Amino acid sequence: MSNRTKDITLDIVEAVRDVLRRHEVTFDEYRAGFQHLAKTQGAGEIPLLIDVFFNSTIVEIENEKRRGSHACIQGPYFVQNAPNVAETLAIRDQDAGHPKMVMRGKVTGLNGQPVAGAVIDVWHATPDGKYSGIHDNIPPQYYRGKITTAADGSYECRSILPVPYQIPNAGPTGELLETYMQWHSWRPAHIHYWIHADGMRDLISQAYFEGDQYIDDDCCNGGGSEFMVPEVYEGDVRVMEVNFTLDPRAEAG
Ligand code: DHB
Ligand code: FE
């Protein structure tokens, strides 16, 4: 009888053994690695550590089976029940002077037919790199919201411009990335999207800002996105035009 858990586990073990042999890892190094994992566990950062290195690979596998727009990593900061928004996401008073953006585009099916009434959850970080509802007691209504597409599938909503974002780096995951790997804990600036529409598979994606220094050097290995939006302005407002193509759900039965 096939046992997928056994097959995958033994393959992981063999892949790790191969690395240990190739690098002739010493007992001291083995023990140090082991202790760092225990420390990561103690800090409750095992999910963070695993997501940083492997979430993007699972998304890559999923994208092989998806038609239409590709998915990106979800990240840990989606919040349920964000407010419905029309013209703009809520902006904190202290951020009122920050550069602005307009998010707009169209949601269509595989044949280009408009998808009306699709709900797009958008969320992005504050200018100081925090997520509302998660960090620093920032009330969850800021920089999040549900936008509904019009009859022609279009959507439009304003906010302020996200900036590059640093993942939580005060614990053992940050220590691994920054101190031991001499890398960094930055992600490119991004907007998150989660699109729900009747009869369609959900799409969880991100858009990035062309020219961002971290796009090809993302600590979460985000792998970029098909939504690499060029630098276009309307007056002093950055235009983030992103058009999504949804994959129909398989017919039941
Ligand atoms: C993480 C944070 C994000 O904002 C994101 O998009 C992906 C990952 C993180 O902290 O792991
Ligand atoms: Fe994010």
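Everything numeric in this text was worked out from a predicted model, so none of it was measured.

1. Brief notes about the coordination of the iron ion (ligand 2)
Tyr131 (OH), His190 (NE2) and His192 (NE2) make up the full set of protein donors to the iron ion (ligand 2), lying at 2.0 to 2.1 Å. Coordination of the iron ion (ligand 2) draws on donor residues from a single chain, spaced Y-x58-H-x1-H in sequence. Of this pair, Tyr131 sits in the loop between strand 2 (119–123) and strand 3 (144–148) while His192 sits in strand 7 (residues 190–196), placing them 61 residues apart in sequence. Here the two residues Tyr131 and His192 agree in accessibility, since each one is buried.

2. Topic: the nonpolar core
Ranked by internal contacts, the top residues of the largest apolar core, which has 45 residues, are Tyr155, Tyr193 and Phe244. For this core, the secondary-structure elements that each account for two or more residues are helix 3 (46–63), strand 1 (100–108), strand 2, strand 4 (154–160), strand 7 and strand 8 (203–209). Apart from the residues lying within four places of it in its own chain, the contact partners of Tyr193 are Ile120, Asp121, Val122, Trp123, Tyr155, Leu203, Ile204, Ser205, Gln206, Ala207, Val242 and Phe244.

3. Side note on the packing of aromatic side chains
The relative placement of two aromatic rings is captured by the distance of their centres and the angle of their planes. Applying the stated criterion to the full structure yields 13 aromatic pairs. Consider the rings of Phe227 and Phe244, whose centres lie 5.2 Å apart with planes at 75 degrees: the pair is edge-to-face. Residue Phe227 is found in the loop between strand 8 and strand 9 (228–229), and its partner Phe244 is found in strand 12 (residues 244–245); the two are separated by 17 residues along the sequence. Owing to a relative accessible area of 8%, Phe227 belongs among the buried residues under this scheme. Judged by its relative accessible area of 0%, Phe244 falls in the buried class. Ring pairing ties together the aromatic residues Tyr155, Tyr193, Phe227 and Phe244, which thus form one cluster.

4. Things to note about the site of ligand 1
Taken together, 14 residues sit near ligand 1, with Leu48, Tyr131, Arg187, His190 and His192 positioned nearest. Contact distances for ligand 1 include 2.8 Å between an oxygen atom and a side-chain N or O atom of Arg187. In isolation ligand 1 exposes 290 Å². Once the protein is present, 98% of that is buried. Of the residues that constitute the shell around ligand 1, the class distribution is nine nonpolar, four polar and one charged.

5. Observations regarding the pattern of salt bridges
In this structure the tally under the stated criterion is 16 salt bridges. Here Arg21 and Glu14 are joined by a salt bridge, their closest N and O atoms 3.4 Å apart. When its relative accessible area of 51% is taken as the criterion, Arg21 is described as exposed. Since its relative accessible area comes to 36%, Glu14 is described here as partly exposed. The salt bridge involving Asp218 is made with Arg187; its shortest N-O contact spans 2.7 Å. Of this pair, Asp218 sits in the loop between strand 8 and strand 9 while Arg187 sits in strand 6 (residues 186–187), and the two are 31 residues apart along the sequence. By sharing partners, the salt bridges in this structure join Glu62, Arg66, Arg67, Arg201 and Asp247 into a single network.

Rules used in this analysis
In this convention, every chain numbers its residues from 1, walking through the sequence in written order. To label them, take the chains in the order written and letter them from A, then take the ligands in the order written and number them from 1. Only residues with pLDDT of at least 70 are given local features in this predicted model, and only at 80 or more are side-chain atom pairs given and counted; all residues enter the totals for whole chains, interfaces and linings. With hydrogens and water excluded, all non-hydrogen atoms of the structure serve as input to the side-chain values. Listed donors are limited to N, O and S atoms within 2.8 Å of the metal, widened to 3.2 Å for Na, K and Ca; water is not among them, so incomplete-looking sites are possible. Helix and strand assignments follow DSSP, with helices taken as H or I runs no shorter than four residues and strands as E runs no shorter than two, numbered in order from the N terminus. In this scheme, a residue with accessible area under 20% of its type's maximum is buried, one over 50% is exposed, and one in between is partly exposed, where area comes from a 1.4 Å probe on protein chains only. Residues grouped as a nonpolar core are buried Ala, Val, Leu, Ile, Met, Phe, Trp, Tyr and Cys residues, joined through side-chain atoms within 4.5 Å. It only takes one pair of heavy atoms within 4.5 Å for two residues to be counted as in contact. Centres within 6.5 Å are what make two rings of Phe, Tyr or Trp a pair, Trp counting through its six-membered ring; a difference in plane orientation under 30 degrees is then read as stacked, over 60 as edge-to-face, and the rest as tilted. Neighbouring residues are identified by heavy atoms, a residue being near a molecule or strand if any of them is within 4 Å of it. Polar contacts, as counted here, are pairs of nitrogen or oxygen atoms within 3.5 Å of one another; within protein the pair requires one atom able to donate a hydrogen and one able to accept it, and residues that are adjacent in sequence qualify only if both atoms are side-chain atoms. Only the protein chains shown count as cover for residues, with accessible areas throughout obtained via the Shrake-Rupley method and a probe of 1.4 Å. Any residue that is not Ala, Val, Leu, Ile, Met, Phe, Trp, Tyr, Cys, Pro, Asp, Glu, Lys or Arg is counted as polar, Gly included; the first ten are nonpolar and the last four charged. Here, a salt bridge means any Lys or Arg side-chain nitrogen found within 4 Å of an Asp or Glu carboxyl oxygen.

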